[in-house]
Amino acid sequence: MRDLSKKEYLLECVRDCHADTFEILQMDVTDQQSVLATTEKIKEERVDILVCNAGIGLMGPLECHTYDIMKKIFDVNVFGTISTIQAFLPGMKQRRSGRIIISSSVGGLQGIPFNDVYCASKFAVEGFCESMAIVLQHFNVHVSLIECGPVNTNFMNNLHESNSSEGQLQGVDSDTRSLYAQYLQHCQKIFQDVAQDTDEILQV
């Protein structure tokens with residue numbers, strides 16, 4: 001986990017089921033040194049199943065996004081995913097065994113209004129995984145890209161919304177602001193009515 005202060009919920013979920021086999025390590029996917037340091041802390045010195053779950057969203061009119069925020073989206077969603085796989089892939093190829101599971105989004109399959117930069121990052125992950133999967137078949141390493149629709153997770157809480165800055169939104173033309181307001185209402189309804197729970201995704 002990048003932030004170990006959030007580990008209590010995870011520990012609560014597993015309770016005492018894995019007391020002897022469950023270990024939480026600190027790792028920041030945007031810091032290559034952090035990723036490499038984590039690989040050296042794994043007692044078994046091997047990873048058979050790698051789940052890339054780090055991701056952040058960005059929603060709002062494009063005019064509201066700063067370069068730094070857009071860069072952060074790609075640092076986590078694209079380069080973070082790539083550098084994590086890069087660190088653990090050599091061992092899997094050497095053993096000719098492994099599974100890589102990447103948590104992505106339906107936003108990697110189709111563009112979604114006011115999610116331009118987020119979808120661009122997920123389209124990049126789609127291309128990366130499709131390309132990599134072809135080669136990794138020869139090493140018996142399997143790649144699964146999970147592209148869900150709306151799911152009830154903390155992801156929405158971590159979303160970088162430009163509507164948090166009313167000043168930035170006021171600088172956008174009135175037609176775009178109106179469309180964005182409609183879209184936010186639509187999102188709220190979607191998450192209330194049809195969002196899936198993580199258990200449903202895990203079943204698939």
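The structure this text deals with has already been given above.
Every residue gets a number counted from 1 within its own chain, in the order that chain's sequence is written. Where local features are concerned, this predicted model is filtered to residues with pLDDT of at least 70; where side-chain atom pairs are given and counted, the filter is 80 or more; whole-chain, interface and lining totals use all residues. Excluding hydrogens and water, the side-chain figures rest on all heavy atoms present in the structure.

1. Overview of the overall build of the protein
Point 1. Runs of H or I in DSSP of at least four residues are treated as helices and runs of E of at least two as strands, each being numbered from the N terminus. Helix and strand content of the protein: 7 helices and 5 strands.
Point 2. For the protein, the spread of C-alpha atoms along the principal axes amounts to about 55 × 40 × 35 Å.
Point 3. The classification of residues rests on relative accessible area computed with a 1.4 Å probe and restricted to protein chains. Under 20% of the type maximum is buried, over 50% is exposed, and intermediate values are partly exposed. Residue burial in the protein is summarised as follows: out of 204 residues, 31% are buried.
Point 4. Contact criterion: two residues are considered in contact whenever any of their non-hydrogen atoms come within 4.5 Å of each other. Put simply, of all contacts in the protein between residues at least 6 apart along the chain, 68% involve residues at least 24 apart.
Point 5. Areas reported as accessible are Shrake-Rupley estimates using a 1.4 Å probe. Residue values count occlusion only from the protein chains shown. Approximately 12,800 Å² of the protein is accessible, and the part contributed by carbon and sulfur atoms is 52%.
Point 6. As used throughout, the charge tally considers Lys and Arg to be positive and Asp and Glu to be negative, leaving His and the chain termini uncounted. A charged residue contributes its charge at one atom only: NZ of Lys, CZ of Arg, CG of Asp or CD of Glu. One way to put it: in the protein the 16 positive side-chain charges average out to a point 6 Å from where the 27 negative ones average out.

2. Notes on the side chain of T84
Point 1. For T84, the location among the structural elements is in helix α3 (residues 67-95).
Point 2. Apart from residues lying up to four places away in sequence, T84 is in contact with M27, V29, V35, L50 and C52.

3. Points about α3
Point 1. Relative to the 42 Å expected for 29 residues at 1.5 Å per residue, α3 spans 41 Å between its end C-alpha atoms, a close match to the ideal helical length.
Point 2. For a residue, the bend is simply the angle between two axes, fitted respectively to the seven-residue segment ending there and the seven-residue segment starting there. In α3, a bend of some 40° at F88 exceeds every other bend along the element, and P90, a proline, comes one to four places later.
Point 3. Within α3, burial applies to I73, V76, N77, V78, G80, T81, S83, T84, I85, F88, L89 and M92.
Point 4. Where α3 is buried, its residues touch α2 (32-41), β1 (49-52), β2 (58-59), β3 (98-103), α4 (116-136) and β4 (141-146).
Point 5. Of the residues flanking the end of α3, it is R96, one or two places downstream, whose phi is positive at about 55°. Helix span, as expected, comes to 1.5 Å for every residue beyond the first.

4. Re the sheet that holds β3
Point 1. Two strands qualify as a pair provided DSSP detects at least 2 bridges between them. With parallel pairing, the 3 strands of this open sheet are ordered in space as β1-β3-β4. At either end of the open sheet lies a strand with only one pairing partner, and these are β1 and β4. Ignoring which end each strand starts from, the neighbouring axes of this sheet average 15° apart.
Point 2. Across 4 bridges, the pairing between β1 and β3 is parallel. The axes used here are C-alpha line fits, helices contributing only the stretch in contact, and every angle between their N-to-C directions lies in the interval 0 to 180 degrees.

5. A few points about the layout of surface pockets
Point 1. Throughout, the protein atoms alone are placed on a 1 Å grid, and a set of points is a cavity if a 1.4 Å probe fits but cannot get out or a pocket if it is open with protein on both sides within 12 Å along at least five of seven lines; lining residues have an atom within 4 Å of a point. Grid points are joined across faces, edges and corners, and a volume is the space filled by probe spheres set on the points. In this model, the second largest pocket occupies a volume close to 170 Å³.
Point 2. Ranked by residue count, the leading element in the lining of the second largest pocket is α3, at 5 residues.
Point 3. Lys, Arg, Asp and Glu make up the charged group, whereas Ala, Val, Leu, Ile, Met, Phe, Trp, Tyr, Cys and Pro make up the nonpolar group; the residues left over, Gly among them, are polar. A class-by-class count of the residues in the lining of the second largest pocket yields 5 nonpolar, 2 polar and 3 charged.

6. Description of the pattern of salt bridges
Point 1. We count a salt bridge whenever a side-chain nitrogen from Lys or Arg sits within 4 Å of a carboxyl oxygen from Asp or Glu. Under the defined criterion, the tally for this structure stands at 3 salt bridges.
Point 2. With a shortest N-O distance of 3.9 Å, K43 and E23 are connected by a salt bridge. Taken together, the positions of K43 in the loop between α2 and β1 and E23 in the loop between α1 (7-14) and α2 put the pair 20 residues apart, joining distant regions of the chain.
Point 3. On the basis of relative accessible area, K43 is assigned to the exposed category, the value being 65%.
Point 4. Judged by its relative accessible area of 43%, E23 falls in the partly exposed class.

7. Some words on the packing of α3 against α4
Point 1. At their nearest, the axes of α3 and α4 sit 8 Å apart, and the two run at 15° to each other. Regarding the angle of α3 to α4, the classification is roughly parallel. Relative to α4, α3 is oriented so that their crossing is right-handed. Between α3, through M70, I73, F74, N77, V78, I82, I85, L89 and K93, and α4, the contact on the second element is made entirely by V117, Y118, A120, S121, K122, A124, V125, F128, M132 and L136. Angles are sorted into four bins: roughly parallel if under 35 degrees, roughly antiparallel if over 145, roughly perpendicular if 65 to 115, and oblique for all others. Helix crossings are classified by the rotation of the near helix relative to the far one: an anticlockwise turn of less than a right angle makes the crossing left-handed, while a clockwise turn makes it right-handed.

Just distances and angles here, no functional claims.
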